[in-house]
Amino acid sequence: MTSRRVRFCRARLPGALQFYQERHGIALHGGGSWRNALCPFHADKNPSLRIHIENGAYWCPVCEAKGDILKFHQQVMGMDFHEAVLDLGAYEEEVRRG
Ligand SMILES: [Zn+2]
């Protein structure tokens, strides 16, 4: 018998720059590892959202939104964990024979 299962594979998530800039069209300001961007979770006039361009973490000191790429995608798109993982192509198929 062959069984197929899928499991979440974090390494398949897109890179932070690609994810925030290309996928979500977010302009990143400043230099270094932490960049500034307009926060999509509150009515932001200054770029208050902090985004780490290496590990994809985000944090907003104004509305206290925080998380990683997966959480960001869920929050912005209104998806649950499963939908977000599927949408970002981060499931890996595991085929077992036996
Ligand atoms: Zn915010």
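Rules and cut-offs
Residues numbered from 1 in each chain as written. Predicted model: local features only at pLDDT ≥ 70, side-chain atom pairs only at ≥ 80, totals over all residues. Core = buried A, V, L, I, M, F, W, Y, C linked by C-beta atoms within 7 Å. Buried ≥ 20, exposed ≤ 12 C-beta atoms within 10 Å, placed from the backbone. Helix = DSSP H or I, 4+ residues; strand = E, 2+ residues; numbered from the N terminus. Contact = placed C-beta atoms within 7 Å. Pairing = 2+ DSSP bridges.

Once that is clear, we can look at the nonpolar core. Membership of the largest hydrophobic core comes to 15 residues, with the highest contact counts inside it found for Y20, L49, I51 and I69. Of all the secondary-structure elements, those providing two or more residues to this core are α1 (16-23), β3 (49-52), α2 (69-77) and α3 (81-87). The leading source of residues in this core is α1, at three residues. Residues in contact with I51, not counting those within four places in the same chain, are Y20, L28, R35, A37 and Y58.

Across the sheet, four strands lie side by side as β2-β3-β4-β5; this open sheet has antiparallel pairing. Single-partner strands in this sheet number two, and they are β2 (34-37) and β5 (66-67). Looking at chain direction, β3 and strand β4 (residues 58-59) are connected through two bridges and run antiparallel. By the bridge assignment, R50 is partnered in β4 with W59.

This paragraph deals with the environment of L86. Its location among the elements puts L86 in helix α3. As for L86 and H52, which are separated by 34 residues in sequence, their C-alpha atoms are 23 Å apart.

Right, let's get into the pairing of β2. Across the two faces of β2 the burial differs, with R35 and A37 buried and W34 and N36 not buried at all. Here four bridges tie β2 to β3, and the two strands are oriented antiparallel to one another. Bridging across to β3, R35 finds its partner in I51.

Moving on to the environment of G30. When you line up the elements, G30 lands in the loop between α1 and β2. Owing to 11 C-beta atoms within 10 Å, G30 belongs among the exposed residues under this scheme. Once you skip the residues sitting within four places of it in the chain, G30 turns out to touch R35 and N36.

What follows is about unusual backbone geometry. Of note in this structure, E64 is not a glycine but carries a positive phi near 65°. If you trace the backbone, E64 turns up in the loop between β4 and β5. Taking the number of C-beta atoms within 10 Å as the measure of exposure, E64 has 9 and is therefore exposed.

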